[in-house]
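Letter by letter, the chains look like this.
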Amino acid sequence: TIFRYPYVYGPYQLVPREWSIVRRILDGRTRILVPDAGHQLATHGWAGNLGHAVLLAVDHPEASAGRSYNCGDLDQYSINQIVEIVASELGAPLEPVAVPWAVAGSAKSLVLGSRQHQLMDLFQLRTDLGYTDVLPAAEAIARTARWYADNRPDASVEERMADNFDYAWEDRMLDQAGTSL
């Protein structure tokens, strides 16, 4: 059985996109740059949900043998919505500010992979194996954010990220957003 995983999130990620949002909140930022208006949609999957998909295949070998499955959370959220979920969980205001891709700089790290929408069809996984999320995506994102707020990644994680947390540059971009951009 082959499982096609999207971006996997949860504790202990190698390059946690959620940390880009969480750290800004912990650092007292109230606005965050989002490329291309923050509307990009791509399939994501919480590690626990994706593990559940594998266990379903183990429990149903007659249905899963020789099959290939796209995996991911049933509900998918835009970058703006993810920012909103994280900020709500941490009880802090964080306003997404749209900037064009060409000048988005390290904000591009919020967009994983292509700038185009990339949604995977989970029909086969749901039909063959009866897949449903163990934890709804909004709650999984919130728990992931809380985990990172309580367990700050070490410097090696930030080194792997495309986000350099250059707040002086971001402030210049934020000041220009809505005017000359």
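Up top you'll find the structure we're talking about.
Since the model is a prediction, treat every value here as computed from it, not as a measurement. (Residues numbered from 1 in each chain as written. Predicted model: local features only at pLDDT ≥ 70, side-chain atom pairs only at ≥ 80, totals over all residues. Heavy atoms only, no water.)

A.B. asks: Can you explain the overall build of the chain? Please cite residues and give values.
C.D. replies: Per the secondary structure count, the chain includes 8 helices and 6 strands. When the helices and strands of the chain are placed in sequence order, the string is β-β-α-β-β-α-α-β-α-β-α-α-α-α. Against the compact-globule benchmark of 16 Å for 181 residues, the chain has a radius of gyration of 18 Å, which places it among compact chains. On the principal axes, the C-alpha backbone points of the chain span a range of 60 × 30 × 25 Å. Each of the 181 residues in the chain was classed as buried or not, and the buried ones make up 46%. By sequence separation, contacts in the chain at least 24 residues apart represent 91% of the contacts at least 6 residues apart. Here the chain displays about 8900 Å² of accessible surface, and carbon together with sulfur accounts for 52% of that area. Across the chain, 15 positive and 23 negative side-chain charges occur, with their mean positions spaced 4 Å apart. (Helix = DSSP H or I, 4+ residues; strand = E, 2+ residues; numbered from the N terminus. Rg over C-alpha atoms; globule rule 2.2 N^0.38 Å. Buried < 20%, exposed > 50% of the residue type's maximum accessible area, 1.4 Å probe, protein only. Contact = heavy atoms within 4.5 Å. Areas by Shrake-Rupley, 256 points an atom, 1.4 Å probe, with all protein chains shown as cover. Lys, Arg positive; Asp, Glu negative; His and termini not counted. Charge placed at Lys NZ, Arg CZ, Asp CG, Glu CD.)

A.B. asks: Which residues make up the pattern of salt bridges, and what are the values?
C.D. replies: Counted by the stated rule, this structure contains 11 salt bridges. Residue arginine 67 pairs with aspartate 128 through a salt bridge whose shortest N-O separation is 3.3 Å. On the criterion of sequence distance, the pair formed by arginine 67 in the loop between helix H3 (61-64) and strand S5 (68-70) and aspartate 128 in helix H5 (residues 123-129) is long-range, its members being 61 residues apart. The class of arginine 67 is partly exposed, set by a relative accessible area of 32%. Its salt-bridge partner being arginine 146, residue aspartate 150 comes within 3.9 Å of it at the nearest N-O pair. Within this pair, aspartate 150 and its partner arginine 146 are both found in helix H6 (residues 137-150), separated by 4 residues, close to a single helical turn. By relative accessible area, aspartate 150 is classed as exposed at 54%. For arginine 146, a relative accessible area of 32% gives the class partly exposed. Bridged by salt links that share partners, the residues Arg24, Arg29, Asp163, Glu170 and Asp171 form one connected network. (Salt bridge = Lys/Arg side-chain N within 4 Å of Asp/Glu carboxyl O.)

A.B. asks: Go over the environment of alanine 102 with me, naming the residues and quoting the values.
C.D. replies: Summarising the element assignment, alanine 102 is placed in the loop between strand S6 (95-99) and H5. For alanine 102 and proline 35, which are 67 residues apart along the polypeptide, the C-alpha to C-alpha distance reads 8.6 Å.

A.B. asks: Tell me about the packing of helix H4 (residues 79-90) against H6, and please be specific about residues and values.
C.D. replies: When two helices pack together, their arrangement is given by the angle between their axes and by how far apart the axes lie. The interhelical angle for the contact between H4 and H6, taken along N-to-C directions, is 55 degrees, at an axis separation of 9 Å. When the axes of H4 and H6 are compared, the pair comes out oblique. Classified by chirality, the crossing of H6 by H4 is right-handed. Note on element contacts: H6 touches H4 through Ala138, Ile141, Ala142, Ala145, Arg146 and Ala149, opposite Ile82, Ile85, Val86, Glu89 and Leu90. Looking at the contact of H4 with H6, its residues break down into 9 nonpolar, no polar and 2 charged. (Axes fitted to C-alpha atoms, helices over the stretch in contact; angles between N-to-C directions. Parallel < 35°, antiparallel > 145°, perpendicular 65-115°, else oblique. Left-handed = near helix turned anticlockwise from the far one by under 90°. Nonpolar A, V, L, I, M, F, W, Y, C, P; charged D, E, K, R; others polar.)

A.B. asks: Outline the side chain of histidine 44, supporting the account with residue identities and numerical values.
C.D. replies: Relative to the elements of secondary structure, histidine 44 occurs in strand S4 (residues 44-46). Setting aside residues no more than four positions away along its own chain, histidine 44 makes contact with Pro6, Tyr7, Tyr9, Arg17, Gly72, Asp73, Gln76, Tyr77, Ile82 and Leu112.

A.B. asks: Tell me about helix H1 (residues 17-26), residues and numbers included.
C.D. replies: Burial within H1 is extensive, with 9 of its 10 residues counted as buried. Residues of H1 that are buried: Arg17, Glu18, Trp19, Ser20, Ile21, Val22, Arg23, Arg24 and Ile25. Immediately downstream of H1, the backbone of glycine 28 shows phi near 85 degrees, a positive value.

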